[in-house]
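Now for the letters of each chain:
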Amino acid sequence: MRDRPNIVLVHGAWADGSCWSAVIERLQAQGFQVRAPQFPLTSIAEDVARLRQVLEFQDGPTIVAGHSYGGQIMTALGDEAPNVVALVYIAAFGLDEGESLGALLSAGPPTPALAHLFTDGRGYGWLSEDDFVDHFAADVDPALARVLYAVQQPLALSAFETVMGVPAWKSLPSWYLVARDDEAIPSDAERQFAQRMGATTIEISSSHVAMTSHPVEVAGLIEQAAASVVAAAAR
């Protein structure tokens, strides 16, 4: 393996690739080749197809990092993830075989960020501005949070019913960042995801959008994963 694997960043629902901007800048400064494509958020199948499309033209080993629903996308790569050498979950879903987002989220009361989720006439879910700024991105400067709200991409709610097949984390080393102050995914759920996948885990005091509010820590975890897989390949 060369000294630095490629990095592919997967955004989640109610976001786009620009949410990774500060992380991208730091990784590029360290010499990494980084991609943060836009995902349609129309279905798990179409989102996974987009990820595979991007992975196909990566030259060499690649680490995939996903935020929130982006974790669902990379998990659904299953055991067919050529060139992928590690997964990094940033406050992300890491479902096991037979689970679905809908079943998981319905197990408890709606989190503050999702309490007023509304659906348009085409079956896509959106966040209100107040919930986005005050809960989804609670520790982001309000002016920037409103920009992120303005560029949010809605999620097709049919994605909540898709049942996970064999998860990619069963066959790939994983890292996980738990956001202690997350008001979209409960932090205890994040800890459960990390524990059962045997992920190398860190915790920080962050809202759901840790890659925006804490890019240094997020980039650092991705760099840690990169160093680990390079060292493993050299043995």
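Reading the values: rules and limits
Residues numbered from 1 in each chain as written. Predicted model: local features only at pLDDT ≥ 70, side-chain atom pairs only at ≥ 80, totals over all residues. Heavy atoms only, no water. Buried < 20%, exposed > 50% of the residue type's maximum accessible area, 1.4 Å probe, protein only. Helix = DSSP H or I, 4+ residues; strand = E, 2+ residues; numbered from the N terminus. Contact = heavy atoms within 4.5 Å. Salt bridge = Lys/Arg side-chain N within 4 Å of Asp/Glu carboxyl O.

Trainee: Which residues make up helix α5 (residues 129-136), and what are the values?
Mentor: For α5, the full list of buried residues reads Asp131, Phe132, Val133 and Phe136. Looking at the buried positions of α5, the neighbouring elements they touch are α6 (142-150).

Trainee: Describe the pattern of salt bridges, listing the residues and the values that go with them.
Mentor: What the rule picks out here adds up to five salt bridges. With a shortest N-O distance of 2.6 Å, Arg196 and Glu99 are connected by a salt bridge. With a gap of 97 residues between them, Arg196 in helix α7 (residues 187-196) and Glu99 in the loop between β4 (84-90) and α4 (101-105) connect regions that are remote in the sequence. Residue Arg196 is classed as partly exposed on the basis of its relative accessible area of 29%.

Trainee: Explain unusual backbone geometry to me, using residue names and the numbers behind them.
Mentor: Unusually for a residue other than glycine, Leu41 sits at a positive phi of about 60 degrees. Summarising the element assignment, Leu41 is placed in the loop between β2 (34-35) and α2 (44-56). Exposure remark for Leu41: the relative accessible area of 0% places this residue in the buried category. Notably, Asn83 is not glycine yet its phi reads approximately 75 degrees, a positive angle. Locating Asn83 in the fold gives a position in the loop between α3 (69-75) and β4.

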